[in-house]
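# Notes for the structure review
So the chains spell out like this:
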Amino acid sequence: MGDYQKMADAPAGPLPPPYPLAKLDSDKEGLLKGLTDAEVAELVKKYGLNEVPEEKEPLWKMFLKQFTGPMQIMIECAALLCFLIHNWPDFTIIMVLLMTNGTLGFFEEKSAQASVDALKAGLEKKMPVKRNGKFDSIPVVQVVPGDVLFMRGGDIVPADCYWVEGDPCQVDEAALTGESLPVKVPRKDDDGKPFSGRQMWSGSILKVGECQAVVSHTGVNTMIGEAAKAIQEASGKDIGVFEGKIIEAAQVLILITVVVVTFLFYFMYVIQGVEITEVLEMSLSLVIASVPVALPMVMKVTLSIGAKEMSDEGGIVTHLTALEEIASMKVLCSDKTGTLTTAQMTVYYDETAKAYNGFTAEQVLEFASLASNEANKDDPIDSAVLRAYAKSKGMTNVDDAVDKRKTLYSLDPEGFIGFNPIVKRTCAAVTAKDGTKWFCSKGMVDVILKTNPEDEGKQWTVDNYEEMSKQASKADADLGISGFKTLGVGVSKNGGPMKFAGILPIMDPPRHDTKETIRKIKEAQVAVKMITGDHHNIGKELARQIDLGTDIRTPDCLQPPSEARDLIVMKADGFAKVKPLDKHEVVQVLQDKGLVVGMTGDGVNDAPALAKAQIGIAVHGATDAAKSAGDIVLTKDGLSPIYTAIQISRRIFKRLKSYVIYRICITVQVVFFLAALAIFYNLRFKALYIILLALFHDLQIVTIAYDHQVAGAKPETPTVLGLLLQSYSMGILMFIQTMLLVSYGHLFLSDEYGDGYHQSMSSEMAGNEMNKYMETTIFLQISNSSAILIFSARTVGFFFSTMPAWQLTFSTALGQVLINVWCLWAPTGLVDKLKPSDVAMVWLYDFAWLLFLDLVKMTAGRLWDKYKPATIDRNPALQAKDRNSRRMSNNLRPSYMLAQVGGEELGNKVAQLPEGSRNSVRMSRTYKK
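Residues numbered from 1 in each chain as written. Predicted model: local features only at pLDDT ≥ 70, side-chain atom pairs only at ≥ 80, totals over all residues. Heavy atoms only, no water.

### Things to note about the overall build of the protein chain
Tallying secondary structure elements over the protein chain gives 37 helices and 24 strands in all. The buried share among the 929 residues of the protein chain stands at 56%. Carbon and sulfur atoms form 58% of the exposed surface of the protein chain, whose accessible area is close to 38,300 Å². (Helix = DSSP H or I, 4+ residues; strand = E, 2+ residues; numbered from the N terminus. Buried < 20%, exposed > 50% of the residue type's maximum accessible area, 1.4 Å probe, protein only. Areas by Shrake-Rupley, 256 points an atom, 1.4 Å probe, with all protein chains shown as cover.)

### Focus: the sheet that holds strand S6 (residues 183-185)
Here we have three strands laid out as an open sheet, ordered S6-S5-S8, and antiparallel in their pairing. One side of each edge strand has no neighbouring strand; the edge strands of this open sheet are S6 and strand S8 (205-208). Each strand of the sheet is rotated relative to its neighbour by a mean of 45°, with strand direction disregarded. Pairing analysis gives three bridges linking strand S5 (residues 169-172) to S6, with the strands arranged antiparallel. (Pairing = 2+ DSSP bridges. Axes fitted to C-alpha atoms, helices over the stretch in contact; angles between N-to-C directions.)

### Notes on the packing of helix H31 (residues 772-793) against helix H32 (residues 806-825)
Interhelical geometry of H31 versus H32 gives an angle of 175° and a closest axis separation of 10 Å. Comparing the axis directions of H31 and H32 gives the class roughly antiparallel. Touching Thr776, Phe779, Leu780, Ser783, Asn784, Ala787, Ile790 and Phe791 of H31 are Leu808, Thr809, Thr812, Gln816, Ile819, Asn820, Trp822 and Cys823, all from H32. Looking at side-chain class alone, the contact of H31 with H32 contains nine nonpolar, seven polar and no charged residues. (Parallel < 35°, antiparallel > 145°, perpendicular 65-115°, else oblique. Contact = heavy atoms within 4.5 Å. Nonpolar A, V, L, I, M, F, W, Y, C, P; charged D, E, K, R; others polar.)

### Re the sheet that holds strand S11 (residues 329-334)
Read from one edge to the other, the open sheet built from eight strands follows the order S10-S24-S23-S22-S11-S19-S21-S20, with strand pairing classed as mixed. Looking at the sheet topology across the chains shown, the edges are occupied by strand S10 (315-317) and strand S20 (552-553). Direction of pairing for strand S22 (residues 596-601) relative to strand S23 (residues 615-618): parallel, over a ladder of four bridges. Each bridged residue has a counterpart across the sheet, and for Gly601 the counterpart in S23 is Ala618.

### As for the UniProt feature "transmembrane region" (unreviewed entry) in the protein chain
Under the local residue numbering, the UniProt record ascribes the feature "transmembrane region" (unreviewed entry) to residues 252-271, 283-303, 660-681, 687-706, 727-749, 778-801, 808-827 and 839-856. From the first C-alpha to the last, residues 252-271 spans 28 Å; its make-up is 100% helix and 0% strand. For residues 660-681, the helix share is 95%, the strand share is 0%, and the end-to-end C-alpha distance is 31 Å. (UniProt positions renumbered as here; feature names shortened; annotations may be inferred.)

### A look at the side chain of Lys857
Locating Lys857 in the fold gives a position in helix H33 (residues 836-867). Under the relative-accessibility criterion, Lys857 is labelled buried at 1%. Here Lys857 is in contact with Gln726, Met730, Ser792, Thr795, Val796 and Gly797, once residues within four sequence places are set aside.

### Topic: the nonpolar core
Membership of the largest hydrophobic core comes to 120 residues, with the highest contact counts inside it found for Ile632, Phe673, Phe685 and Ile778. Discounting chain neighbours no more than four positions away, the residues touching Phe673 are Val668, Phe685, Phe735, Thr738, Met739, Val742, Ile778 and Ile782. (Core = buried A, V, L, I, M, F, W, Y, C linked by side-chain atoms within 4.5 Å.)

### What about the environment of Lys437?
Inspection of the secondary structure puts Lys437 in strand S16 (residues 437-443). The contacts of Lys437, once residues within four sequence positions are left out, are Asp412, Val430, Thr431, Ser492, Lys493 and Asn494. Side-chain polar atoms of Lys437 contact the side chain of Thr431, separated by 3.0 Å. (Polar contact = N/O pair within 3.5 Å; in protein donor to acceptor, adjacent residues only side chain to side chain.)

### Here we look at the environment of Asp606
In this fold, Asp606 is placed in the loop between S22 and helix H25 (607-612). Separated by 20 residues in the primary sequence, Asp606 and Ala626 have C-alpha atoms spaced 6.5 Å apart.

### A closer look at the packing of helix H27 (residues 640-680) against H31
Each pair of packed helices can be summarised by the angle the axes make with each other and by the distance between the axes. Where H27 meets H31, the closest approach of the two axes is 9 Å, and the angle between their N-to-C directions is 155°. Judged on the interaxial angle alone, H31 and H27 are roughly antiparallel. Relative to H31, H27 is oriented so that their crossing is right-handed. Contacts between H27 and H31 involve Ser658, Ile661, Tyr662, Cys665, Ile666, Gln669, Val670 and Phe673 on the former and, on the latter, Ile778, Gln781, Ile782, Ser785, Ser786, Leu789, Ile790 and Ala793. Its residues assigned to classes, the contact of H27 with H31 comprises eleven nonpolar, five polar and no charged. (Left-handed = near helix turned anticlockwise from the far one by under 90°.)

### Notes on helix H12 (residues 276-290)
If you check H12, its first and last C-alpha atoms are 21 Å apart, about what 15 residues at 1.5 Å a residue would give, namely 21 Å. All buried positions along H12 are accounted for by Val279, Met282, Ser283, Leu284, Ser285, Leu286, Val287, Ile288, Ala289 and Ser290. (Expected span 1.5 Å × (residues − 1).)

### Here's the deal with unusual backbone geometry
The bulk of non-glycine residues show a negative phi, and the bulk of peptide bonds are trans. Of the consecutive residues Val185 and Pro186, the connecting peptide bond is found in the cis state with omega at 0°. Inspection of the secondary structure puts Pro186 in the loop between S6 and strand S7 (199-200). Positive phi, close to 55°, is recorded for Asn682, a residue that is not glycine. Relative to the helices and strands, Asn682 resides in the loop between H27 and helix H28 (687-700).

### What about a nonpolar patch on the surface?
A contiguous nonpolar surface patch, about 550 Å² in accessible area, is contributed by Phe265, Tyr266, Tyr269, Val270, Ile271 and Ile276. Considering each element in turn, the nonpolar patch owes the most residues, five residues, to helix H11 (residues 241-271). Note on placement: Tyr266 falls in helix H11. (Patch = residues over 30% accessible without salt bridge, like charges linked within 9 Å, V, L, I, M, F, W, Y side chains within 5 Å. Salt bridge = Lys/Arg side-chain N within 4 Å of Asp/Glu carboxyl O.)

### Describing the packing of aromatic side chains
Counting across every chain of the model gives 21 aromatic pairs. With a centroid separation of 5.7 Å and an interplanar angle of 80°, the aromatic rings of Tyr348 and Phe484 are classed as edge-to-face. One end of the pair, Tyr348, is in the loop between strand S12 (346-347) and strand S13 (354-355); the other, Phe484, is in the loop between helix H20 (465-481) and strand S17 (485-493), and 136 residues separate them in sequence. With relative accessibility at 5%, the residue Tyr348 sits in the buried group. On the numbers, 5.8 Å between centres and 75° between planes, the contact of Phe439 with Trp460 is edge-to-face. Note that Phe439 is positioned in strand S16 and Trp460 in the loop between helix H19 (445-449) and H20, a separation of 21 residues in sequence. Using a relative accessible area of 8% as the deciding quantity, one classes Trp460 as buried. (Phe/Tyr/Trp six-rings, centres within 6.5 Å; stacked < 30°, edge-to-face > 60°.)

### Concerning the environment of Leu284
You can see Leu284 is positioned in helix H12. C-alpha of Leu284 to C-alpha of Ala687: the two residues are 403 residues apart in sequence and 7.8 Å apart in space. In this structure, Leu284 is in contact with Ala78, Leu81, Cys82, Ile85, Asn87 and Ile691, ignoring residues within four places of it in sequence.

### Quick notes on the pairing of S23
Of the two faces of S23, both are covered, the one formed by Ile615 and Ile617 as well as the one formed by Gly616 and Ala618. With two bridges joining them, S23 and strand S24 (residues 632-634) adopt parallel strand pairing. Bridged to Ala618 within S24 is Val633.

### Here's the deal with the side chain of Ser760
Along the chain, the position of Ser760 falls in helix H30 (residues 751-760). Among the polar contacts made by the side chain of Ser760, one reaches the main-chain amide nitrogen of Asn771 at a distance of 2.7 Å. Excluding residues within four positions of it along the chain, Ser760 makes contact with Leu683, Met765, Met770, Asn771 and Met774.

### Regarding the confidence of the model for the protein chain
With 85% of its residues at a pLDDT of at least 70, the protein chain reaches an overall mean of 80. Below pLDDT 50 for its whole length, residues 1-13 participates in 32 contacts with residues either more than four positions away or in separate chains. The low-confidence segment residues 112-120 (pLDDT under 50) makes 25 contacts with residues lying over four places distant or belonging to another chain. (pLDDT = per-residue confidence, 0-100.)

Structural data, given as structure tokens:
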């Protein structure tokens with residue numbers, strides 16, 4: 001969310017609180033008096049209620065919007081022409097397609113309105129608030145800046161506020177900042193940010209302590225409110241990248257058609273004097289031929305099938321356009337906690353742990369477990385210690401491990417002293433089975449070495465303090481550099497001196513599949529950047545563990561905006577210590593560079609960036625806000641479904657590209673054919689045939705959604721020029737194919753065709769439809785060539801090089817069997833009955849040209865690959881090579897890391913080294929960083 005103080009200074013930022021922050025020190029008593037009803041009424045006028053304003057679009061408006069897009073308007077024009085000439089069958093077919101697509105789009109968009117609802121749900125609670133000198137429980141929606149809140153452990157902080165008095169508290173900000181452990185409030189202020197150590201954010205959870213706090217910001221002025229506003233501003237991803245390019249290509253095609261229609265209208269109506277009804281019917285046939293009527297349907301069906309495939313792989317698609325966008329994704333920005341990691345702290349007790357005074361790492365862990373409260377399962381440290389203890393004993397159930405331990409140690413009466421932020425340690429007095437008395441304590445390393453005489457807990461200084469302090473402090477610092485949090489452990493035996501037993505490192509480890517998934521995504525030519533609110537060293541160490549790269553930056557480099565800033569964002573492997581608006585800023589910079597960006601996350605802090613990115617992915621276990629802002633919600637742990645989504649999306653891209661090439665080809669063929677027929681032969685072609693061809697093949701091609709395709713090795717970047725080059729070169733060739741049959745078909749077809757040709761070319765046929773037998777033959781040729789064209793359009797090589805899906809083959813075969821049987825039997829009189837020999841020759845003619853089409857297609861593809869702009873395939877975010885990361889990957893790694901990412905064999909080799917050698921390996925790794 002960025003620096004809140006900086007935001008407060010910005011004109012467009014949150015309104016400042018109604019009191020100077022200096023009063024937190026100078027007039028604490030005055031602030032704690034609270035507000036009167038009159039003051040509250042004035043503040044409500046200024047700040048509004050403590051809620052996220054909801055700007056819901058009326059359902060009727062949302063429904064009508066489905067019919068106002070460029071493609072929809074084109075289809076509506078075709079429907080209007082049908083209506084004007086009373087062509088009711090075609091009007092009905094077009095309207096059914098239009099309404100079906102609009103209804104699907106309406107229900108898909110309606111689900112997007114859940115975003116703000118999920119954020120508001122967190123505010124609909126009650127809280128003790130001091131009004132008129134006394135505390136009353138009021139709805140948090142009525143809280144205003146200046147109100148005094150009373151909060152206790154377990155409460156969700158309802159507004160941004162400042163701690164004023166009470167217990168030292170622990171606040172869980174994981175869903176807001178990504179910080180794995182609760183933060184202490186009050187604490188030391190951040191540099192240059194007075195009173196930041198007392199700040200508590202709306203949406204965070206008070207885990208330990210009771211306090212009174214004064215509200216500073218409410219509603220949209222809070223961090224969570226800013227997140228909701230960012231989601232609203234970033235919403236509306238109605239048209240995907242590829243769909244936009246398809247619409248542009250279609251617009252070029254329709255522009256050409258408009259020119260042709262205008263010319264033919266003038267030629268037929270003004271020069272030839274044809275009836276206006278017939279002219280309009282011919283215009284309708286051209287419009288329908290040029291407008292991809294079934295495109296919205298094909299896209300919805302294709303994406304819906306992809307969404308079903310994704311759900312089977314552990315991802316629920318909430319916005320279908322996301323499946324289209326992932327094919328073009330060049331950067332994936334990932335949150336750390338809960339996304340790349342398990343969001344569960346892990347205690348390491350191998351050689352990474354430090355043991356002193358003759359104790360082993362396993363003993364240090366056992367002493368730490370004795371000083372842990374098994375009843376407090378919400379405490380992340382105690383839970384992590386007990387899980388590690390159970391694992392060290394070869395047990396999976398913590399309760400079973402604790403029960404077994406109780407047979408070896410019994411807790412003395414009132415022997416356990418729990419954690420509080422003042423003493424910063426837990427203690428336990430126990431008696432072993434053999435009668436030995438043990439006093440165990442765990443906590444911050446410096447506190448375990450020497451307690452603070454001013455706190456109220458049991459006091460001690462460890463034996464041999466000077467030497468132990470040097471060793472422990474150095475080890476603590478080294479572990480901190482490596483990204484670990486640390487836990488010191490001390491013990492006393494039979495009332496003897498306190499001895500420093502050791503240090504246990506703690507880290508939120510990567511998920512088991514994170515490293516492998518990152519590798520696969522990078523191999524798919526997608527750059528991966530980690531964006532986390534956690535500490536810099538922790539983020540850097542995790543990035544090294546998963547081979548992400550160690551160029552991890554802090555938010556300071558994100559301001560002010562500049563070319564240098566943009567270059568840093570492009571090259572960095574990630575960012576640490578960020579707030580939600582920083583994540584939003586990173587996504588914005590990448591998008592401004594023309595990159596399609598994906599963002600994963602699980603918390604409220606991720607919601608603005610999830611909504612801003614073209615592809616927002618909420619991981620398993622994400623908050624409602626993240627799920628609502630995301631386009632894809634993962635239902636399985638880990639990131640592997642994202643790689644699956646990339647593969648699915650790239651296959652979808654190829655299916656849709658096949659349809660677009662196919663559709664433009666047959667449009668060019670038909671439009672150019674009709675124009676050439678009128679200009680060069682002064683003949684007309686039955687408009688009904690063109691309408692039947694366009695609608696029949698559009699419906700037939702819907703099965704392209706099931707086609708077999710292989711995902712590309714790099715992001716798919718659609719361009720209008722690339723689509724037009726391939727499709728127009730093939731379409732013009734198909735036009736030539738049809739015109740050659742018109743001109744020279746009488747040389748190799750039956751006498752009936754020859755007679756029809758000579759009759760059509762006679763002067764008395766000028767301005768009229770061609771002979772019906774010849775017209776039926778041309779209709780069959782266009783129909784057959786258009787149908788089998790899809791088998792060429794779906795491949796980059798020859799049409800027989802890959803096997804199409806059976807659904808596509810079946811629908812194509814079924815459609816052409818019906819057309820050919822119709823032409824052979826002519827039961828309705830709409831077509832002339834063709835001779836079987838002519839039908840067979842037309843098939844041979846079309847297949848021979850199909851091979852030629854493949855050669856032209858491959859030539860056009862190679863020319864495009866050779867001369868297309870280099871920026872199309874280039875991924876600038878992948879060009880930065882982190883040399884330090886590569887050098888680090890060649891070093892031996894400690895077994896704690898290898899165990900996490902799968903290198904157990906090398907870890908065992910390190911473990912077999914002498915202790916001194918192991919330390920040198922570990923320390924060389926640390927200092928080379």
